[in-house]
Each structure stands twice: as structure tokens, then as C-alpha cells.
Amino acid sequence: MNRLQEILARKQEIRSLLEGDQEVDVKAIEEELRQLQEEESKIIEKRKLAEGIQMGQVETREIPKPTETRSDKVEIRSMKWQEAYETDEYRSAWVKTMMGATLSAEERDAMDHVNDEYRAFTHNTENTQILIPKTVAAGIWKRAEEEYPLWADVRKFNVKGNLSMIKSSTNSVNAQWYDEEDVVDTDQLGFGQLDLTGCELAKAVQVTWKLKKMALAEFEAYIIREIGDRMGISLSTAVYVGKGKPGGGDTFKPEPRGIKTVLKAEANTPQIKAYAEADGVAFNNLTGLMAALHSSYVNGATIYANNTTIWNTLANVVDGQGRPMFIADVQAGGVGRILGRSIKPDAAIPDGEILVGNVNAGYVANINEDITMYREDHVRERLTDYMGYAIVDGDVLDSKAFVILEMTPTV
């Protein structure tokens, strides 16, 4: 029996062992399987190379001397991690690592160089996650923004750690005209502080080992789509109804504070309007909504609602003459316009609710830590978990930038 046959036989033994009722050391089994897989791949690669030489399909090359260095290795090694993790070579090595595929010596060298230097830079030697390529991280954020425009329109910062911003807490009186002998009145300006300390956001997707056999490009697109979609809905929901940081006897998990949460906390909630479910949304409901928005935020304001509310409610609103108010228009990134404002569909907003606001001016978010990816194999179930993780925070900068119209159920 040759070595390849021994490897295949041992893998069959391990499979039988895992399918049985006997207790096993799963971690030891995982490590043995990894070593067997690497050895099997090398043997198969050598055989293919030998067959190619025999058939005249492969040109033999002089083996480089130990003192010689490959140019591609020099290129990666000469880069800082901030540059190296943007390269196609690193991205390919990262995808292979996520799929559990065998890396070449050059790919392993690129992975080690980038991640060792990154961990030294962050002063965290216990950090075991693998730095996600910049293009993949950007793809996940882009996917989240494409699917959820409420999150896309938020003004974002990428400040590591905590971000504190100053915001005015009182209204200043406008300048006035005076006689020559008059004393000019003054305001005592009050300032509040907005602290974005970060909330952990994580989403895991589970992939079967059979599915991991897909091509590298398809696997990368799958991870971007799945993680981007699922993180996007959580981010957009937090912007709208996030509870914020728990305090006192609160038991909920920390999350960004949402627009509706802030408006409901204000006295008499003047910027949350209501309409009766039986009556539906009328033309004067929308004009009243626009009237409640502070004038300084009208330019740049957008209407947000979910797809059902847009097409069952907003698209059917008519004016006093019975003329439809909805105008189909996809040029501004939405699906239509009413009263000159673009309408964008976002699944994070519940049925029957309509948000009008200048999100870019009135809400701010900070990505305290960019997306990282973790991978965990489950040998017996033949499944792999991929978890996207980021630290993000957000809060309302000025509540006057928003107005909400919500449905009151008919009793």
C-alpha cells in the first residue's frame, strides 16, 4: 500500500469513527484531517507534474538556489500591511484560507506577513482573527448600503476607538438690528456631547462542506452578499429604532440609538404624527409631515418607507383634485418622488410607517472597528461557520431633522 492509499484509508477510518457513538477528541481529529489533506494535495500535485513532464506538457525549470528570492515574495514582504492587504495576492490567499484550501508557500508567506504586522500594529498578540482584505470589507459595506438606503445615507466616520462630538443643546436667537446707543443682547450657548463608544455587531452564516467546493470568486461573492445583507438590515434597523446603551435596570444589549427612539423620548413627541388605519394616508398628512420638518433640513430630506407601504399607500395618495401625487423616478436613487422629495425603500421600517428626514445632516455613525471575519469548522456536521464582526455606533445629532408618520390601528 502506497502513502496515498494509506491516507485515503485513514480518512475513511476517521469518518467511521465520527459517525459512531464513541467519544473522540474533535480538535485532534480536525488537526489530523488538516495534515492528511495537505499531504494528499502535495502527493496529487507531484503526480500531476510528473505525468505532465512524461507527456511533454510541462517544461522543466532550474530550481532556484537557496540564496535567490522570488520577486513576488519580495514585493509582498516589502509592503506595509496597509498596502499588502489591498493586493489581489492577499485576497486570493484569504479566500483560500476561509475555504480551508491548501496555500502555496508564497500565499502562506503573504498571510503571515500581513497578519503578524497588523497584530503588532494594534498591540494585540492575542488577536487571532485574520485581517479581511480591504476589497472584501468594502464589498460588504457596499452591499449593506445598496440594500438599505437609510444606513447608506448616514454620515459615517472611521475613527478607531471612541468618538465624541459637540452638539448645540439650545437655540440661539438670530442677529438683530440696533440703534447706535443700544447694548447688544447676548446668548449663553449650551452644548451637549455625543459619545459614540461602539457596539458589537456580529453575524454568522453557516456553509456546508459541499458548498465550499465552489470557485474562489463565487465563494468571495457569496460571503460579501450574505454578510452584507444581514449586517445591513441590523444597521438600518438600529438607525431607525435602536435602543441605545442600557442604563439602570435595562437588560437589552448595547446598540446605536435610533431616530424614532429619540423622537419618542421628547416631550409630547411633536415630530411623530399619526393617521388612522381605516382612513389611510391623505394628502394633508404628507403636507403636515413636511411642515413639521425644520426648514434648515428640507433641502436634502428624503422619504423612507418599506416596499409595501410605498406601493400600497404612498403611490396611491392623491391631492384635493384627485390627481396622483406619486411620480415614478429612479434618478435620485429611489423609486419615486412626492412633494419634490425622493422616496427610498428600506425594509428596516415597519409597515405603515413613513420617515421623512435629512439623515446625512441629522444622524452620525462611527465605525470604531472595521469588519473582521472568523471561521470555525464543525467536523461531525461537515459545516463551517463564518462570522462577520464589527464595532459600530450611532446617534441622532439633531432631532429636528426628522419627522415620522405612523399608523394608528383601528379598534
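Scroll up for the structure.
Since the structure is predicted, the reported quantities are computational estimates derived from the model, not experimental observations. Here the residue numbers are simple positions, counted from 1 along each chain's written sequence. Totals for whole chains, interfaces and linings use every residue, but because this is a predicted model, local features are given only for residues with pLDDT of at least 70 and side-chain atom pairs only at 80 or more, for both listing and counting. Only hydrogens and water are set aside; all other atoms, that is, all heavy atoms of the structure, feed into the side-chain values.

(A) Focus on the overall build of the chain. In DSSP terms, a helix is any run of H or I states spanning at least four residues, a strand is any run of E spanning at least two, and both are numbered starting from the N terminus. Tallying secondary structure elements over the chain gives 13 helices and 13 strands in all. A contact between two residues is defined here by any heavy atoms of the two lying within 4.5 Å. If you take every contact in the chain between residues at least 6 apart in sequence, the share linking residues at least 24 apart comes to 71%. Within the structure as shown, the chain displays about 24,100 Å² of accessible surface, and the carbon and sulfur contribution to it stands at 49%. To measure how exposed things are, a 1.4 Å probe is used in the Shrake-Rupley method; for residues, cover is taken only from the protein chains shown.

(B) Looking closely at the sheet that holds strand β5 (residues 272-276). When DSSP locates at least two bridges between a pair of strands, those strands are taken to pair. Reading across from one edge, β5-β13-β10-β6-β9-β8-β7 is the order of the seven strands in this open sheet, with mixed pairing throughout. Sheet topology places β5 and β7 (327-328) at the edges, where each strand pairs with a single neighbour. In this structure, strand β8 (residues 336-338) lies alongside strand β9 (residues 341-345), joined through three bridges in antiparallel fashion. Residue pairing in the sheet places Arg337 in a bridge with Ser342 of β9. In this fold helix α11 (residues 283-292) packs onto β5, β8, β9, β10 (354-357) and β13 (402-408), with an angle of close to 150° to the strand it touches most, β13. Angular values range over 0 to 180 degrees, each being the angle between N-to-C directions of two axes fitted as lines to C-alpha atoms, with helices fitted over their stretch in contact.

(C) Here's a closer look at the pairing of β10. The classification of residues rests on relative accessible area computed with a 1.4 Å probe and restricted to protein chains. Under 20% of the type maximum is buried, over 50% is exposed, and intermediate values are partly exposed. A two-sided burial pattern is seen for β10, the buried positions comprising Ile354 and Val356 on one face and Leu355 and Gly357 on the other. Two elements, strand β6 (residues 302-305) and β10, share three bridges in a ladder whose sense is antiparallel. Note that in β10 the partner of Ile303 across the bridge is Val356.

(D) Structural context of the environment of Leu286. When you line up the elements, Leu286 lands in helix α11. You can call Leu286 buried: its relative accessible area is 5%. Taking the C-alpha atoms as reference points, Leu286 and Lys273, 13 residues apart in sequence, are found 9.9 Å from one another.

(E) Layout of the pairing of β6. The alternating pattern of β6 places Thr302 and Tyr304 on one face and Ile303 and Ala305 on the opposite face, and all of these are buried. Judged from the three bridges that link them, β6 and β9 form a sheet pairing that is parallel. Each residue of the ladder has a partner; that of Ala305, found in β9, is Pro345.

(F) Just the pattern of salt bridges, in detail. Think of a salt bridge as a Lys or Arg side-chain nitrogen and an Asp or Glu carboxyl oxygen that are within 4 Å of each other. Enumeration according to the criterion identifies 21 salt bridges in this entry. A salt bridge links Asp88 to Arg91, with the nearest nitrogen and oxygen atoms 3.6 Å apart. Of the two residues, Asp88 and Arg91 both sit in helix α5 (residues 88-99), three residues apart, roughly one turn of that helix. Asp88 sits in the exposed class, given a relative accessible area of 52%. Looking at Arg91, the relative accessible area reads 26%, which means it is partly exposed. Where Arg375 meets Asp377, a salt bridge forms, and the shortest distance between an N and an O atom there is 2.9 Å. Arg375 gets classed as partly exposed once you look at its relative accessible area, which sits at 33%.

(G) Fine view of the sheet that holds strand β12 (residues 383-396). Within the open sheet, the four strands sit side by side as β1-β11-β12-β4. Their pairing is mixed. Pairing within the sheet leaves two strands with one partner each, and these edge strands are β1 (155-157) and β4 (199-208). On average, each strand axis in the sheet is tilted by 35° relative to the strand beside it, whichever way the strands run. Bridge count for β4 against β12 is 10 bridges, and the pairing is antiparallel. Note on β12: the bridge partner recorded for Cys199 is Val392. Against the sheet, α5 makes contact with β11 (363-378) and β12, and its axis sits at roughly 55° relative to β11, the strand it touches most. Set on the sheet, helix α7 (residues 134-147) makes contact with β1, β11 and β12; between it and β11 the angle comes to about 120°.

(H) How the structure looks around the nonpolar core. Core analysis: the biggest nonpolar cluster contains 59 residues, and Trp94, Leu355, Met373 and Phe402 have the highest contact counts within it. With nine residues, helix α9 (residues 216-241) is the single largest residue contributor to this core. In terms of nonpolar packing, the next biggest core, distinct from the first, is built from 21 residues, Val281, Ala301, Met325 and Phe326 among them. Here the nonpolar core consists of buried residues drawn from Ala, Val, Leu, Ile, Met, Phe, Trp, Tyr and Cys, with membership extended through side-chain atoms lying within 4.5 Å.

(I) Examining the packing of α5 against α9 more closely. The interhelical angle for the contact between α5 and α9, taken along N-to-C directions, is 80°, at an axis separation of 10 Å. The angle between the axes of α5 and α9 places the two elements in the roughly perpendicular class. Together, Arg91, Ser92, Val95, Lys96, Met98 and Met99 of α5 and Leu216, Phe219 and Glu220 of α9 make up the contact between the two elements. Classification convention: Asp, Glu, Lys, Arg as charged; Ala, Val, Leu, Ile, Met, Phe, Trp, Tyr, Cys, Pro as nonpolar; all other residues, Gly among them, as polar. Along the lines of polarity and charge, the residues of the contact of α5 with α9 split into five nonpolar, one polar and three charged. If an angle is under 35 degrees, it is roughly parallel; if it is over 145, roughly antiparallel; if it lies from 65 to 115, roughly perpendicular; otherwise it is oblique.

(J) Seen up close, the packing of aromatic side chains. Two aromatic rings from Phe, Tyr or Trp, using only the six-membered ring of Trp, form a pair when their centres are within 6.5 Å; if the ring planes differ by under 30 degrees the pair is stacked, by over 60 it is edge-to-face, and anything between is tilted. Enumeration according to the criterion identifies four aromatic pairs in this entry. Ring centres of Tyr374 and Tyr389 lie 6.4 Å apart, and the angle between their planes is 85°; this geometry places the pair in the edge-to-face category. Of this pair, Tyr374 sits in strand β11 while Tyr389 is found in strand β12, placing the two residues 15 residues apart along the sequence. Among the residues examined, Tyr374 registers a relative accessible area of 29% and is labelled partly exposed. By relative accessible area, which is 13% here, Tyr389 ends up buried. Put simply, a charge is over a ring when the Lys NZ or the Arg CZ is close to the ring centre, within 6 Å, and near the line of the ring normal, within 35 degrees. Taking NZ or CZ as reference, Lys156 lies 4.8 Å from the ring centre of Trp151, over its face.

(K) Inspection of the side chain of Asp319 at higher detail. Turning to its location among the elements, Asp319 is positioned in the loop between α12 (307-312) and β7. Given the relative accessible area of 12%, Asp319 is considered buried. The term polar contact refers here to a pair of N or O atoms within 3.5 Å; inside protein, the definition further demands a hydrogen-donor-capable atom paired with an acceptor-capable atom, and it admits residues adjacent in sequence only when both atoms are side-chain atoms. At 2.8 Å, the side chain of Asp319 and the backbone nitrogen of Arg323 are in polar contact. Among residues more than four places away in sequence, those in contact with Asp319 are Phe283 and Met325.

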